Amino acid sequence: MRRCFVCAADMLGPSERHLTYPGGHRRTFPLACGACGVLLAVGADPESCRAHLARSLSEPLFASDPAAPYGLDLYTLRSAATGRSLGIRPLDEAGRTELRHPHGTRAARAALFALEVTGGCTVSLGLLCRPADRDDVLAALPVHAGWADDVAILIDGPEMAAVPMPVAGFAIGAVRVAARPLEGDFAAQRNALQGLARHGWMLQLDSDEVLSPEAGRLLSALAALAEAQGVASIGLARANRVDGVLSDVFPDVQYRLNRTGLRYAGRVHERPVLDGGWPESFITLHGRIEHRLSGAHVRARSRRYEALDPGRGRPEEAIALLRPYAD
């Protein structure tokens, strides 16, 4: 098994972590995913693991099976459940503490519930784009009208206060366009976009990224789950398609669903700043961002990023992005 059967990350590595099951049974797992944290036995078959997990997630109460070829703590279970559009509720105070201080040593047990498309925390949609992409971005907005009632578009250009734009499917004033110069600082641009949100959470996309309406409709429920469990940032898997071919850089998690008070850092490859560190975030597997790139753009982007922020441009990533996806 090269990739994690839960999140598909190519981050399986040696582990000494253990889980304790009801009754006191303790089990050590030699492999763990560095992305979602799932634990694996040697020789675990991914298809068998997926089928077992799917059966376990079909019950109202998830109870870890000590004989399964994998193991989950509550933090990992939360992400795994989102892959079936489910949320989790810890059963006791110890479980609530484990979610705030992963990874725990107790095998996961939690109540499961469906993530509803109505209710929850209202989420704003923010989009970054270049002047040449503005009309295309506006034309593509109606696909989001089923879940977003507040849209802010920030253009890389001379400073301009937000002005309303009429878009089919949206109320008057719901879509606004503003501008400020990027000046090679992506974190500052994302922070400015965060500041344009009218709701407590915002999903950010770039002009060459798309999120399906089905995935968008669950964002408010995910934000509500995060609020209830002390989370400020949610990462979504991103599928990079280079000249139409899925790249080996997958799931390429992007932390784009955030409380609007959160701020990004880093001129390039920017990330949200979390006061309590990564435990204040989690990965959702309910949908993914589709990212369209050309091979020429990939090569030029890495060189440009390295020039903007020497040592942080990840020029080696261009090689991986140009390599087709493989299990």
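All residue numbers refer to positions counted from 1 along the written sequence of the respective chain. Reporting in this predicted model follows two pLDDT cut-offs: at least 70 for local features of residues, and 80 or more for side-chain atom pairs to be given and counted; totals over whole chains, interfaces and linings ignore these cut-offs and use all residues. The basis for every side-chain value is the complete set of heavy atoms in the structure, and neither hydrogens nor water enter the calculation.

Side note on helix H8 (residues 295-308)
- Taking 1.5 Å of rise per residue, the 14 residues of H8 would be expected to cover 20 Å, and the 20 Å separating its terminal C-alpha atoms lies within 8% of that figure.
- Turning to H8, its buried residues are Gly295, Val298, Arg301, Ser302 and Tyr305. Buried residues of H8 fall within an arc of 115° about the axis and therefore sit on the same side. Exposed positions of H8 whose direction lies more than 90 degrees from the buried face are Ala296, Arg303 and Ala307. In DSSP terms, a helix is any run of H or I states spanning at least four residues, a strand is any run of E spanning at least two, and both are numbered starting from the N terminus. Helix span, as expected, comes to 1.5 Å for every residue beyond the first. A simple rule labels every residue: compare its accessible area, found with a 1.4 Å probe on the protein chains alone, to the largest value its type can have, and call it buried under 20%, exposed over 50%, or partly exposed in between. The arc under discussion is defined with respect to the helix axis, by the directions toward the C-beta atoms.

Details of the sheet that holds strand S5 (residues 39-40)
- Paired strands are those between which DSSP finds at least two bridges. Read from one edge to the other, the open sheet built from four strands follows the order S1-S4-S5-S7, with strand pairing classed as antiparallel. Across the chains shown, the open sheet's two edge strands, defined by having one partner strand only, are strand S1 (12-14) and strand S7 (70-71).

Looking at the sheet that holds strand S9 (residues 109-114)
- On the basis of which strands lie adjacent, the open sheet formed by three strands has the order S6-S9-S8 and antiparallel pairing. Two strands close off the open sheet at either side, each with one partner strand: strand S6 (61-63) and strand S8 (86-90). Ignoring strand direction, the axes of neighbouring strands in this sheet form an average angle of 35°.
- Bridge count between S6 and S9: three bridges; the pairing is antiparallel. If you follow Leu61 over to S9, its bridge partner there is Ala111. Every axis in this analysis is a line fitted to C-alpha atoms, fitted for helices over the stretch in contact. Angles between the N-to-C directions lie between 0 and 180 degrees.

A short note on the pattern of salt bridges
- We define a salt bridge as a side-chain nitrogen of Lys or Arg found within 4 Å of a carboxyl oxygen belonging to Asp or Glu. A complete count under the given rule lists 25 salt bridges for this structure.
- For Glu214, the salt bridge identified is with Arg217, shortest N-O distance 3.9 Å.
- Taking relative accessible area as the criterion, Arg217 reaches 31% and is therefore assigned partly exposed.
- In this structure, a network of salt bridges that share partners links the residues Arg190, Asp206, Glu209, Arg238, Asp252, Arg256 and Glu270.

Notes on unusual backbone geometry
- The linkage connecting Pro102 with the following residue, His103, adopts the cis geometry, with an omega of -5°.
- On the secondary structure map, His103 appears in the loop between helix H3 (93-100) and S9.
- Omega for the peptide link from Phe250 to Pro251 comes to 15°, which places this bond in the cis form.
- The phi torsion at Asp252 lies on the positive side, around 45°, for a residue other than glycine.
- Looking at the secondary structure, you find Asp252 in the loop between strand S17 (245-246) and strand S18 (254-259).
- Taking the relative accessible area as the measure of exposure, Asp252 reaches 18% and is therefore buried.

The quantities given are spatial measurements derived from coordinates; they are silent on function.
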